[in-house]
Amino acid sequence: MKFDEVIGQEEAKGRLMKMVLEDRIPHAIMLCGPSGSGKMALALALASYLLGERDGNEQTTQSRNAEAMLKKWQHPDLHFTYPVIRPTGKSADHKMVSDDFTKEWHELLADGPYFTMDQWLDQMKAANQQAIIGAGESDDLTRKLSLKSSQGGYKISLIWLPERMNQECANKLLKLLEEPPALTLFIMVCEEPEHLIETIRSRTQRIDIKRIDEKDIQQALIQRRGIEEDTAYRIARLSNGSWLRAMEALDADNENSQFLNMFIVLMRMAYTRNVKELKKWSETVAGYGRERQKRMLTYFMQMVRENFMYNFHQAELNYLTLEEENFTRNFARFINEANVIEINDLLALARRDIGQNANAKIVFFDLALQMIVLLIKK
């Protein structure tokens, strides 16, 4: 993984390379930032460079060997730590460690360095289980880092989402950070640093990773995905600085497309006062499951905002996919000063009620009936 494979983040790349070139690398670095910003990509690029991977005419026999091992993320001096689950049937006596899911981790990395916890849970087939980093992991890491470097250089411990460590693991890791083995670098990739104990945070050099610039996402979509410039521009604006969101927008069957269809049905049936179809609609969405229902209502609130802003005819105010804009073009006039606040409040109330385990069929049918009244307000 080379630095030029990381999307955007030129400032962060420059800062990391400056540390390397000036030989002032701290023993522990914590890369913090929002999901999809490329923290893991930067961590892998830094680890790869320190372990010997080089570009073109810089390559030596040693760097070629390093590249061959890093291509499959199987370099003996690179140790991954990540949250794991306890599979059903696994003895409680066994302390779960990252190595229990090595195969799944390598499969995830093979698809690229941009991924989410949900994707990792799916990879592990976690169902409803929570993933953590337990005490067994810190014991295993202590053992690994006590060994001499296989290749005579750095030993690197790359910890993904250290905020998911339990207390026992965090306390043991703290001892490693206080007295790190020689030529050992800890790289932590963190999204919620406030959940880490203060003593660990104080022993790392924190680097905040910003959201990716829209222009960098647009360029990457054009060069890496063969997307047309106008479409790439639209997706980049919608991504809000996240490569993950940009990838979701490329998926024609993504969740938001399904939510858009349900939004369109709701609004059309409410406008035509088709109570029978609205009842069918409410029964359909009642079967989604509460977390998905809440995400759908949040999406509806966003669409109400976008439709209202569309009436101002200022393109820079809107963040719509082409599919969303095709509907908004004709529908926006029905969301106006007379009803926009009430519609938003109605959706927010429904989301609250769903979160409090109210009967979903009643909540959504009531929402649909009230929408009939609100849409005719002018």
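Residues numbered from 1 in each chain as written. Predicted model: local features only at pLDDT ≥ 70, side-chain atom pairs only at ≥ 80, totals over all residues. Heavy atoms only, no water.

To continue, consider the overall build of the protein chain. What the protein chain contains, in helices and strands, is 17 helices and 5 strands. Taken along its principal axes, the extent of the C-alpha atoms in the protein chain is 75 × 50 × 35 Å. In the protein chain, which comprises 378 residues, the proportion classed as buried is 49%. Counting only contacts in the protein chain whose residues sit at least 6 apart along the sequence, the fraction spanning at least 24 positions is 73%. Carbon and sulfur atoms provide 48% of the accessible area of the protein chain, an area that totals close to 19,400 Å². Computed over 50 positive and 54 negative side-chain charges, the separation of the two mean positions in the protein chain equals 3 Å. (Helix = DSSP H or I, 4+ residues; strand = E, 2+ residues; numbered from the N terminus. Buried < 20%, exposed > 50% of the residue type's maximum accessible area, 1.4 Å probe, protein only. Contact = heavy atoms within 4.5 Å. Areas by Shrake-Rupley, 256 points an atom, 1.4 Å probe, with all protein chains shown as cover. Lys, Arg positive; Asp, Glu negative; His and termini not counted. Charge placed at Lys NZ, Arg CZ, Asp CG, Glu CD.)

With respect to the secondary-structure elements, Gln 218 resides in helix 9 (residues 214–225). Given a relative accessible area of 13%, Gln 218 falls into the buried group. Not counting chain neighbours up to four residues away, the residues in contact with Gln 218 comprise Glu 229, Ala 232, Tyr 233 and Ala 236.

This part covers unusual backbone geometry. One non-glycine residue, Asp 23, lies in the positive phi region at around 55°. Its location among the elements puts Asp 23 in the loop between helix 1 (10–21) and strand 1 (28–32). Asp 23 gets classed as exposed once you look at its relative accessible area, which sits at 64%. Located in the positive-phi region is His 313, a residue other than glycine, with phi close to 55°. With respect to the element layout, His 313 can be found in the loop between helix 14 (290–310) and helix 15 (322–331). Since its relative accessible area comes to 66%, His 313 is described here as exposed.

Running from N to C, helix 14 and helix 15 point in directions that differ by 55°, and their axes come no closer than 9 Å. For the element pair helix 14 / helix 15, the angle class is oblique. Crossing hand, helix 14 versus helix 15: right-handed. Of the residues in helix 15, those in contact with Tyr 299, Met 303, Glu 306, Asn 307 and Tyr 310 of helix 14 are Glu 324, Glu 325, Thr 328, Arg 329 and Phe 331. Looking at side-chain class alone, the contact of helix 14 with helix 15 contains 4 nonpolar, 2 polar and 4 charged residues. (Axes fitted to C-alpha atoms, helices over the stretch in contact; angles between N-to-C directions. Parallel < 35°, antiparallel > 145°, perpendicular 65-115°, else oblique. Left-handed = near helix turned anticlockwise from the far one by under 90°. Nonpolar A, V, L, I, M, F, W, Y, C, P; charged D, E, K, R; others polar.)

Structurally, the position occupied by Asp 230 is in helix 10 (residues 229–239). Asp 230 gets classed as exposed once you look at its relative accessible area, which sits at 55%. Distance in space between the C-alpha atoms of Asp 230 and Gln 218 is 9.1 Å, their sequence separation being 12 residues.

It is worth spelling out the pairing of strand 1 at this point. Counting buried residues along strand 1, 5 of its 5 residues qualify, which places the element largely inside the surrounding structure. Burial of strand 1 is two-sided: the residues Ala 28, Met 30 and Cys 32 facing one way and the residues Ile 29 and Leu 31 facing the other way are all buried. Where strand 1 and strand 4 (residues 184–190) come together, 5 bridges link them in parallel fashion. Bridging from a neighbouring strand, Ala 28 pairs with Phe 186 of strand 4. For strand 1 and strand 5 (residues 205–208), the ladder comprises 4 bridges, and the chain directions are parallel. (Pairing = 2+ DSSP bridges.)

Within the secondary structure layout, Asp 140 lies in helix 6 (residues 135–145). Here Asp 140 is in contact with Val 97 and Asp 99, once residues within four sequence places are set aside.

Here the focus is the sheet that holds strand 5. With parallel pairing, 5 strands are arranged side by side in an open sheet as 2-3-4-1-5. What marks the edges here is a single partner per strand, and that holds for strand 2 (78–81) and strand 5. Neighbour to neighbour, the strand axes of the sheet diverge by 20° on average, direction disregarded. Sheet contacts for helix 1: strand 1 and strand 5; angle to strand 5, the most-contacted strand, approximately 150°.

Taken as a whole and assessed by the stated rule, the structure comprises 24 salt bridges. The closest approach of N and O atoms between Asp 140 and Arg 143, which form a salt bridge, is 2.7 Å. Highlighted residues: Asp 140 and Arg 143, both in helix 6, separated by 3 residues, approximately one helical turn. With relative accessibility at 13%, the residue Asp 140 sits in the buried group. (Salt bridge = Lys/Arg side-chain N within 4 Å of Asp/Glu carboxyl O.)

Bringing the packing of aromatic side chains into the picture now. Any two aromatic rings considered together are summarised by their centre-to-centre distance and by the angle between their planes. Inspection of the entire model under this criterion finds 20 aromatic pairs. Between the aromatic rings of Phe 263 and Phe 327, the centroid separation amounts to 6.1 Å while the plane-to-plane angle is 85°, which identifies the pairing as edge-to-face. Taken together, the residues Phe 263 in helix 12 (residues 255–271) and Phe 327 in helix 15 connect sequence positions 64 residues apart. Among the residues examined, Phe 263 registers a relative accessible area of 0% and is labelled buried. The side chain of Arg 237 reaches across the aromatic face of Tyr 319, ending 4.2 Å from its centre. (Phe/Tyr/Trp six-rings, centres within 6.5 Å; stacked < 30°, edge-to-face > 60°. Lys NZ or Arg CZ within 6 Å of the ring centre and 35° of its normal.)

In this section: the nonpolar core. Ranked by internal contacts, the top residues of the largest apolar core, which has 65 residues, are Met 40, Phe 80, Trp 105, Trp 160 and Trp 243. Of the residues forming this core, the biggest block, 10 residues, is contributed by helix 2 (residues 39–50). Here Met 40 is in contact with Phe 80, Trp 105, Leu 109, Pro 113, Phe 115, Leu 158, Trp 160 and Val 189, once residues within four sequence places are set aside. The next biggest cluster of nonpolar side chains, apart from the first, holds 45 residues, and it includes Met 301, Tyr 310, Val 340 and Leu 367. (Core = buried A, V, L, I, M, F, W, Y, C linked by side-chain atoms within 4.5 Å.)

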